[in-house]
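Reading the structure
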Amino acid sequence: KKEPRVRKEIQDKYKYILIDEYQDTNKLQDEIVKLIESGNLMLVGDVNQSIYKFRGGDIENILNYRNREGLHIFRLENNYRSSGRIVEVSKEVISKNQNRGELEVKSVRGMGDKLKICRSDTRSVEADYIINEYIPELLSKGSKLSDIAILYRNHELGQEIEKLMMKTGYNYELKRDKKLV
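First, a word on what this report is: a plain description of the structure on this page. (Residues numbered from 1 in each chain as written. Predicted model: local features only at pLDDT ≥ 70, side-chain atom pairs only at ≥ 80, totals over all residues. Heavy atoms only, no water.)

On to the overall build of the protein. Tallying secondary structure elements over the protein gives six helices and four strands in all. Starting at the N terminus and ending at the C terminus, the protein contains elements arranged as α-β-α-β-α-β-α-β-α-α. Taken against the 2.2 N^0.38 rule, which gives 16 Å for 181 residues, the C-alpha radius of gyration of the protein at 22 Å runs more than 25% over that of a compact globule. Taken along the three principal axes of its C-alpha coordinates, the protein extends 65 × 35 × 30 Å. Burial statistics for the protein: of 181 residues in total, 22% are counted as buried. (Helix = DSSP H or I, 4+ residues; strand = E, 2+ residues; numbered from the N terminus. Rg over C-alpha atoms; globule rule 2.2 N^0.38 Å. Buried < 20%, exposed > 50% of the residue type's maximum accessible area, 1.4 Å probe, protein only.)

Given below as structure tokens:
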């Protein structure tokens, strides 16, 4: 607001603005977008997947755009990644949200296998379950180790899993995204 020249420069330079994961933007980011956008704005987000409130993310930022004149909403309701069982469990969890979206998500992959849930208080308990219970169960049903991938987001959990993999003597290959390491 204080620098209309800067605002005009940005609007002239960028005719279109696309922002992904808008449900996790904070108030300052939302204010900046309102200052620099000039009508060609595309926001991508899912109100049911807001996970950064602890970092200042404010779901109201995307919810406030619902009543905007000229707004076009495109609902992406087909889930191509997850089985029907995962989608159903997710919908059950999401149904507890106060500001939940109106999406009716459905899987295009069929129901899939029954879900296994492991509740643990520590990384070591979780890793122990994966390596000493779940993998042997999969192997007993005819799966091969080469059919199994363990994906994790937390490096410390990965270290626990790797430690147990070495103890069991399982042959495994660790792959890391070099951009993220």
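On we go.
Our focus in this paragraph is the packing of helix α1 (residues 4-13) against helix α2 (residues 27-36). At a closest axis distance of 9 Å, the pairing of α1 and α2 adopts a crossing angle of 75°. The orientation of α1 with respect to α2, classified from their angle, is roughly perpendicular. For the pair formed by α1 and α2, the contact residues are R7, I10 and Q11 on the first element and K34, L35 and I36 on the second. Residue composition of the contact of α1 with α2, by class: three nonpolar, one polar and two charged. (Axes fitted to C-alpha atoms, helices over the stretch in contact; angles between N-to-C directions. Parallel < 35°, antiparallel > 145°, perpendicular 65-115°, else oblique. Contact = heavy atoms within 4.5 Å. Nonpolar A, V, L, I, M, F, W, Y, C, P; charged D, E, K, R; others polar.)

What follows is about the environment of S107. The topology assignment puts S107 in strand β4 (residues 106-107). Distance from S107 to N79, taken between C-alpha atoms, is 4.7 Å for residues 28 residues apart in sequence. Engagement of the side chain of S107 in a polar contact is seen with the backbone nitrogen of G84, the distance being 3.5 Å. Only 3.0 Å separates the side chain of S107 from the backbone nitrogen of R109, close enough to count as a polar contact. (Polar contact = N/O pair within 3.5 Å; in protein donor to acceptor, adjacent residues only side chain to side chain.)

A separate point is the layout of surface pockets. By volume, the largest pocket is sized at about 1,900 Å³. V44, G45, D46, V47 and L103 are, among the 47 residues lining the largest pocket, the residues nearest its centre. Those elements giving two or more residues to the lining of the largest pocket turn out to be β2 (41-43), α3 (60-63), β3 (78-79) and α4 (84-94). Residue contributions to the lining of the largest pocket peak at six residues, all from α4. Residue composition of the lining of the largest pocket, grouped by class: 21 nonpolar, twelve polar and 14 charged. (1 Å grid on protein atoms, 1.4 Å probe; cavity = no way out; pocket = protein on both sides within 12 Å on 5 of 7 lines; lining within 4 Å. Points joined across faces, edges and corners; volume = space filled by probe spheres on them.)

In the Ramachandran plot, E21 falls in the positive-phi region, its phi being about 55° despite a non-glycine side chain. By the element assignment, E21 lies in the loop between β1 (17-19) and α2. According to the relative accessible area criterion, E21 is partly exposed, its value standing at 42%.

This part takes up the environment of E137. Topologically, E137 is positioned in helix α5 (residues 123-140). Taking relative accessible area as the criterion, E137 reaches 22% and is therefore assigned partly exposed. Here the side chain of E137 touches K116 through a polar contact of 3.0 Å, side chain to side chain.

Moving on: α4. Taken as a whole, α4 has its buried residues at G84, V87 and I94. Angular distribution of buried residues about the axis of α4 spans 85°; they occupy a single face of the element. Where α4 is buried, its residues contact β3 and β4. (Arc of directions from axis to C-beta.)

Remark: α5 packs on helix α6 (residues 155-168), axes separated minimally by 9 Å, with the N-to-C direction vectors making an angle of 40°. Considering their axes alone, α5 and α6 lie oblique with respect to each other. Our pair here, α5 against α6, has a crossing hand that is right-handed. Between α5 and α6, the residues in contact are R123, S124, E126, A127, D128, I130, I131, N132 and I135 and E156, L157, E160, I161, L164, M165 and T168, respectively. Grouping the constituent residues of the contact of α5 with α6 by class yields eight nonpolar, three polar and five charged. (Left-handed = near helix turned anticlockwise from the far one by under 90°.)

The values reported here are purely geometric and, on their own, carry no functional implication.
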